[in-house]
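Commentary on secondary and tertiary structure
Next come the chains, spelled out residue by residue.
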Amino acid sequence: MNTCLFFGQELHNTNSFPSLEKQIKPINKFGVKIYDDYVNLNKLEDPQVLDWFKAQDSLAEAYFSENRLFNNFLVKFEEYQNREKTAIRLIEINEKGNYFFIKYDEVEAREKLYFKEDVNSKAVEIFDPKSHGEITYLKPSFDGLKVAIGFHSDKKFSSIIRFLNIETGEFYQDQITNINPSFGGIEWLPDSSGFIYLYFPVIDQSSSGYKKNSYSVIHKLGEDPNLRKEVFGRNNIVNIPIDFYPKVKINSSADEYIIGYSASSNDYYDAYIAKISDLLSGKIIWEPFFKIKHKVFTTEGVVRDNQFIFRQGNNLGNQISSVNIISPNFNNPDLLAEGTLENPINQLALNKDNVYFSKSKFGVEVSLWKINDKGRIIQLKPPFVPGYATFFGGTITSSLIGVELDGWTSNYTRFLISEDDNLFEEGFQVETFYPEFKNLISEQIMIKSHDGVEVPLSLVYDPQTLKSSLNEVFIYVYGAYGESLSPFFYPIFLNWAAQGGILAFPHVRGGGEKGKIWHEQGQKLFKFNSWKDLIACTEGLIQKGLTQKGLISLYTSSAGGITAGMAVNERPDLFSSFIAEVPRLNPHGLESSQTVSSTSYLEYGSVKDSLEYIGLVKMDPYYNLKIGKEYPATLIISASQDDRIPLWDSGKYVAKLQSITNGNTPVLLDIDYQNSHDNFGYNDIVKLYSKIFSFAKNNMSGKQNRY
């Protein structure tokens, strides 16, 4: 059967949605009955299922191949990207102040690895990856004589790590596999003779042991990598669940202790400590250090002068604390600095003399602070008020420390911090200019949510082109894992505002904009606050006369799929289109998946807990699609190699939505068969966002959008 689908304002002749027979599985648990209409999509090895996915992708590709706006955006975004070709990436600084970085060689039209003795020295090419492929990871040794280099492998989840001798320009024979730097990279030993890394025994996504039972391995350069001498992870003293990640941290060449973490998707870990001397002698003895209940943030703590200094969670906006390493008392640590609910402490860094931290007011206004060796707290004065900041170069053996600053309308810049607390540009990167964005401004307004709680909403626009209620709005939302939606300068996004639209960023509960409690209020049984905050922000834009229904596109990614998907389910009338990139749309199915971010149940809830189970059902966009509602135009972008969210997650949502839609709006599943969850190539990014923004633009209503 052939049908005509009105995709936005352009008429497209295409086949009907690819057919798929329902295989319904009733699920009755804890007194809650639901139906999985497309349980057959779980069988990703089934040829019929694979053919269905390929047909969906073909339908999406056909849509964009005929889309004039897609090509227009592609040209514009490629031009932006070409301006950035001189940019430097993967900048790594060791404690000697040596710089290692990737830079584009315009003559040979490819990236290469460069080295600088210090920030003022001349850059020297040390490696051309022409025959190896793109460099994905760098970690220089403490002595500056070696650098670990990561490359893609055909195993998708795993990388290949090789080790370059800086003096000879040759690789050591050692090659490490079954490693993923996103979970745990190379931790050099203090004497730089070897390193520790997190080893994954099973990297086959179809295996029940996938990503489980990992453990940390010590390797000395020159040894057989297949020896894999375990140092942390599976013995009786260290009790780590099979789906957690036993990773370690070594901060400097002067470290006398090594800390091991039972890492997960949580903000807080259990941790153990051992002496470096015992590690090197082969007789390591791990002792319990701190527990999850002590609320030490991930791996942020540093040992300096027999003090362990760390960022600690509390209900008032986090704090900087310290304990004595010999007799640590995490129940009563020394308080060095504290934040507030509206302005929580969100980062920590140390050098040999001082402690540095940042606060972030409502997630968008960053202030920088220093605690000197006398315990005095001093506020630093950056050249502009940043929306985002992250420290670099800090180590207890050196005074070198710097900070990267960014903002909605302020381009990314790196600064070094002098000993007298001044910030000066590192001068390392060539600044890229975007005069077309000079008129853009950003502001943050507060919107009352369903329960009266005020939700921050950031807006970026050109005040000279604001058109009362006729403004086209592009919303990006996330709201999960306590991650703040911090400002970022990105020309591909700013183009929307420069063309007369409004960029909107709701800082919903589930993020970290108001501290840990803001995260907890959008987690598990309270997840509904996330999407109700989003709905309130969208309604607020309309009530303030900034836009109207039919002119609001909603975009999200990854875990934000729950927030955005449920907002669309509850209020589909608010949005002209719904666009989701590698989204989580079936969280209820999380624990049944092999290809899953295995500790994500800590964020969403577990099917094994009766109360959390009910919460999972209520937050599941797939199960909560309803017959009889008119849903907006929908574009779901998935990755077949995604190690966190399996392809069937998006597939089920799209299949069900296509089965209940009236056929007058597009419902597309665009599948990337080359990349994984967050690993899009240089050129793929341009194509990806050309699809996203053209789809958003095409599906705006009103005469002004007829192209």
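Residues numbered from 1 in each chain as written. Predicted model: local features only at pLDDT ≥ 70, side-chain atom pairs only at ≥ 80, totals over all residues. Heavy atoms only, no water.

1. Description of the overall build of the chain
Along the backbone of the chain there are eleven helices and 40 strands. Dimensions along the principal axes, computed over C-alpha positions, put the chain at roughly 70 × 55 × 55 Å. Classification of the 707 residues of the chain by burial places 59% in the buried group. Long-range contacts, defined here as pairs at least 24 residues apart, represent 58% of the contacts in the chain between residues at least 6 apart. Accessible surface, the chain as shown: approximately 28,700 Å² in total, 48% of it carbon and sulfur. When the 71 positive and 85 negative side-chain charges of the chain are each reduced to one mean point, those points stand 4 Å apart. (Helix = DSSP H or I, 4+ residues; strand = E, 2+ residues; numbered from the N terminus. Buried < 20%, exposed > 50% of the residue type's maximum accessible area, 1.4 Å probe, protein only. Contact = heavy atoms within 4.5 Å. Areas by Shrake-Rupley, 256 points an atom, 1.4 Å probe, with all protein chains shown as cover. Lys, Arg positive; Asp, Glu negative; His and termini not counted. Charge placed at Lys NZ, Arg CZ, Asp CG, Glu CD.)

2. A word on the confidence of the model for the chain
Per-residue confidence for the chain gives a mean pLDDT of 91, with 95% of residues at or over 70. Here residues 703–707 is a poorly scored stretch, pLDDT under 50, and it has eleven contacts once near neighbours within four places are set aside; other chains count. (pLDDT = per-residue confidence, 0-100.)

3. Some remarks on the sheet that holds strand β14 (residues 194–199)
Reading across the sheet, the four strands line up as β13-β14-β15-β16 and stay open at both edges, with antiparallel pairing between neighbours. The sheet terminates laterally at β13 (187–188) and β16 (229–232), the two strands that pair on one side only. When β14 meets strand β15 (residues 215–220), the two strands line up antiparallel, connected through six bridges. Within the sheet, the bridge partner assigned to Phe-195 lies in β15 and is His-219. (Pairing = 2+ DSSP bridges.)

4. Details of the sheet that holds strand β29 (residues 388–392)
Spatially, β29-β30-β31-β32 is the arrangement adopted by the four strands of the open sheet, whose pairing is antiparallel. Two strands in the sheet have a free side with no partner beyond their single neighbour: β29 and β32 (423–425). The mean inter-strand angle of the sheet, taken between neighbouring strand axes irrespective of direction, is 30°. (Axes fitted to C-alpha atoms, helices over the stretch in contact; angles between N-to-C directions.)

5. Focus on helix α1 (residues 47–65)
Taking 1.5 Å as the rise per residue, α1 with 19 residues should run 27 Å; its terminal C-alpha atoms sit 26 Å apart, in good agreement. For α1, every residue scored as buried is listed here: Val-49, Trp-52, Phe-53, Gln-56, Asp-57, Leu-59, Ala-60, Tyr-63 and Phe-64. On an axial view of α1, the arc spanned by its buried residues comes to 150°, and they lie on one face. In α1, the exposed residues that point more than 90 degrees away from the buried face are Pro-47, Gln-48 and Ser-65. At the N-terminal boundary of α1, the capping side chain belongs to Asp-46, with an oxygen 2.8 Å from the backbone nitrogen of Gln-48. (Expected span 1.5 Å × (residues − 1). Arc of directions from axis to C-beta. Polar contact = N/O pair within 3.5 Å; in protein donor to acceptor, adjacent residues only side chain to side chain.)

6. Describing the pairing of strand β36 (residues 502–506)
By the criterion of burial, β36 is predominantly enclosed, with five of the five residues buried. By the alternation rule, side chains of β36 split into Ile-502, Ala-504 and Pro-506 and Leu-503 and Phe-505, which are all buried. Where strand β35 (residues 473–477) and β36 come together, three bridges link them in parallel fashion. Bridging across to β36, Ile-475 finds its partner in Ala-504. As a crossover connection, the stretch from β35 through helix α4 (residues 491–498) into β36 is right-handed. (Right-handed = clockwise from strand over helix to strand, strands pointing away.)

7. Here's the deal with unusual backbone geometry
Look at Asp-305: it is not a glycine, yet its phi comes out positive at around 55°. Topologically, Asp-305 is positioned in the loop between β21 (302–304) and β22 (307–312). Phi angles above zero are rare outside glycine, and Ser-468 is one such case at about 40°. With respect to the helices and strands, Ser-468 occurs in the loop between β34 (454–461) and β35.

8. Details of a nonpolar patch on the surface
There is a patch of nonpolar side chains on the surface, built from Leu-525, Phe-526, Leu-611 and Ile-614 and spanning about 360 Å² of accessible area. For Leu-525, the position within the fold is in the loop between α5 (516–520) and α6 (528–543). Take Leu-525: its relative accessible area is 39%, and that puts it in the partly exposed class. (Patch = residues over 30% accessible without salt bridge, like charges linked within 9 Å, V, L, I, M, F, W, Y side chains within 5 Å. Salt bridge = Lys/Arg side-chain N within 4 Å of Asp/Glu carboxyl O.)

9. Considerations on the packing of aromatic side chains
Between two aromatic rings, the relevant description is the distance of the centres plus the angle of the planes. The final tally for this structure, using the stated rule, is 67 aromatic pairs. Centre to centre, the rings of Tyr-689 and Phe-693 are 6.3 Å apart; their planes meet at 40°, and the pair counts as tilted. Taken as a pair, Tyr-689 and Phe-693 lie in helix α11 (residues 682–698) at a separation of four residues, close to a single helical turn. With relative accessibility at 11%, the residue Tyr-689 sits in the buried group. In this structure Phe-693 comes out as buried when scored by relative accessible area, which is 1%. Above the plane of the ring of Phe-171 lies Arg-162, whose end atom (NZ or CZ) is 4.5 Å from the centre. Sitting over the face of the ring of Phe-297, Arg-311 holds its NZ or CZ atom 3.7 Å from the ring centroid. (Phe/Tyr/Trp six-rings, centres within 6.5 Å; stacked < 30°, edge-to-face > 60°. Lys NZ or Arg CZ within 6 Å of the ring centre and 35° of its normal.)

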